[in-house]
Amino acid sequence: MTQKTNILVVEDDPALSRLICYNLEKQDYEVRLAADGQDALEQIARRMPDLVLLDWMLPGVSGIEVCRRLREQPKTRTLPVIMLSARGQETDSVRGLDTGADDYLVKPFGMETLFARVKAILRRVPPPSKNLQFETLVLDRVAHKVERNGRLLPLGPTEYRLLEFLMSHPGQVFSREELLEHAWERSSYVELRTVDVHIRRLRQTLNEGDEKDLIRTVRARGYALDLPQD
């Protein structure tokens, strides 16, 4: 299963937010929604998107402030951001770009224009490595296989997606709800305890003999791919 490009749409107009989400999903993007700046910052902290569509006029923390904070943090300094705004004056677009936005799109805009801007920005982003590595684990995204210490691991599709997601965010703790969101199909209904079952299977497959358990359980929070504490 190829990992889809993840786009965070930050827009407080529900109708426009749904319209953008619907059309981007038709283009085979994975889309998440945030209705205000604070929610956007929290979502980005939990899971880094590949691109952010950011409305300027948001309740609470404005889009300009969100962009400024993203550019202040090393982790999000290069995160692609397209600013969306009804403010069409040249001084407005200059301010948005000066704050750190990669592009500025004036409302109202057509979906084809949005698609073209998104594709143009994503072309500038270096493609992800075909391999992920953590300690002695190596995941080959092209061949869809995983090895540990040269040993081929027989993983089912769900365990593979779980491991790929955890290896993409080493050291970061994810709740069961977050793991469900990223490793299971959106249309399927899965109980939270199913995550524990698949994590247990993943552990059994990853660990052989005296090998370190690389999946850390964080009580009342979730799971992370991490080195065990001495």
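Calculation rules
- All residue numbers here refer to positions counted from 1 along the written sequence of the relevant chain.
- Totals for whole chains, interfaces and linings use all residues, but because this is a predicted model, local features are given only for residues with pLDDT of at least 70 and pairs of side-chain atoms are given and counted only at 80 or more.
- By convention in this description, side-chain values take in all heavy atoms of the structure and omit both hydrogens and water.
- UniProt positions are given in the numbering used here, feature names are shortened, and annotations may be inferred rather than shown by experiment.
- A run of H or I in DSSP counts as a helix once it spans at least four residues, and a run of E counts as a strand once it spans at least two, with each numbered from the N terminus.
- Salt bridges are identified by distance alone: a Lys or Arg side-chain nitrogen within 4 Å of an Asp or Glu carboxyl oxygen.
- The buried label goes to any residue with under 20% of its type's maximum accessible area, the exposed label to any with over 50%, and the partly exposed label to all in between, with areas taken from a 1.4 Å probe on protein chains only.
- Each axis is a line fitted through C-alpha atoms, taken for helices only over the stretch in contact, and angles between the N-to-C directions span 0 to 180 degrees.
- Each angle receives one of four descriptions, namely roughly parallel if under 35 degrees, roughly antiparallel if over 145, roughly perpendicular if within 65 to 115, and oblique otherwise.
- Crossing handedness follows the turn of the near helix against the far one: under a right angle anticlockwise gives a left-handed crossing, and clockwise gives a right-handed one.
- Residues count as neighbours in contact if any of their non-hydrogen atoms are within 4.5 Å of one another.
- The nonpolar class holds Ala, Val, Leu, Ile, Met, Phe, Trp, Tyr, Cys and Pro. Asp, Glu, Lys and Arg form the charged class, and all remaining residues, Gly among them, are polar.
- Pairs of strands are assigned from DSSP output, requiring at least two bridges between the strands.
- Segmentation of the chain into domains, including their bounds, is taken from an automatic or database domain assignment.
- What counts as buried area is the accessible surface, traced by a 1.4 Å probe, that two parts surrender upon association, with contributions from both included.

Visitor: Describe the UniProt feature "domain: Response regulatory" (unreviewed entry) in the protein, listing the residues and the values that go with them.
Guide: In the numbering used here, UniProt assigns the "domain: Response regulatory" (unreviewed entry) feature to residues 6-122. Across residues 6-122 one finds 47% helix and 21% strand; the C-alpha atoms that close the span lie 11 Å apart.

Visitor: Go over the pattern of salt bridges, please, and point to the residues and values.
Guide: Close approach of charged atoms allows side chains of opposite charge to pair. Under the definition given, this model contains 18 salt bridges. Residue R216 pairs with D226 through a salt bridge whose shortest N-O separation is 2.9 Å. On the criterion of sequence distance, the pair formed by R216 in strand β10 (residues 215-218) and D226 in the segment after β11 (222-225) is long-range, its members being 10 residues apart. Assessed through its relative accessible area of 27%, R216 is described here as partly exposed. Salt bridges sharing partners connect three or more residues here, namely E65, R68, R69 and E72.

Visitor: Tell me what's going on with the packing of helix α2 (residues 37-46) against helix α3 (residues 63-72), and back it up with residues and numbers.
Guide: Running from amino to carboxyl end, α2 crosses α3 at an angle of 25 degrees, the nearest separation of the two axes being 9 Å. In terms of orientation, α2 and α3 fall into the roughly parallel class. Helix-helix and strand crossings are classified by hand; for α2 and α3 the assignment is right-handed. Residues G37, Q38, L41 and I44 of α2 form the contact with α3, whose own contacting residues are V66, R69 and L70. Here the contact of α2 with α3 is composed, by residue class, of four nonpolar, two polar and one charged.

Visitor: Can you explain the pairing of strand β2 (residues 30-34)? Please cite residues and give values.
Guide: Burial analysis of β2 places four of its five residues in the buried class, which makes it a mostly covered element. Examined bridge by bridge, strand β1 (residues 6-10) and β2 share five bridges and lie parallel to one another. Note on β2: the bridge partner recorded for V9 is L33.

Visitor: Describe unusual backbone geometry, listing the residues and the values that go with them.
Guide: The omega torsion of the bond from K107 to P108 falls at -10 degrees, within 30 degrees of zero and hence cis. In this structure, P108 sits in the loop between β5 (103-106) and α5 (111-124). Even without being a glycine, D28 presents a positive backbone phi close to 75 degrees. With respect to the secondary-structure elements, D28 resides in the loop between α1 (14-26) and β2.

Visitor: Kindly report on the domain arrangement of the protein, identifying the contributing residues and their values.
Guide: For the protein, the domain assignment lists domain 1 (6-124) and domain 2 (131-225). Averaged C-alpha coordinates put domain 1 and domain 2 at centres separated by 30 Å. The interface of domain 1 with domain 2 comprises nine residues on the first partner and eight residues on the second. For the domain 1 and domain 2 pair, buried surface summed over both sides reaches about 570 Å², with 31% attributable to carbon and sulfur atoms. Across the contact surface, domain 1 and domain 2 share one salt bridge.

Visitor: Go over the sheet that holds β1, please, and point to the residues and values.
Guide: What holds strands together in a sheet is hydrogen bonding between their backbones, with the strands either parallel or antiparallel. Here we have five strands laid out as an open sheet, ordered β2-β1-β3-β4-β5, and parallel in their pairing. This sheet does not close on itself; its edge strands, each paired only once, are β2 and β5. Sheet twist, expressed as the average angle between the axes of neighbouring strands with direction ignored, equals 20 degrees. In terms of strand pairing, β1 meets strand β3 (residues 51-55) through four bridges, oriented parallel.

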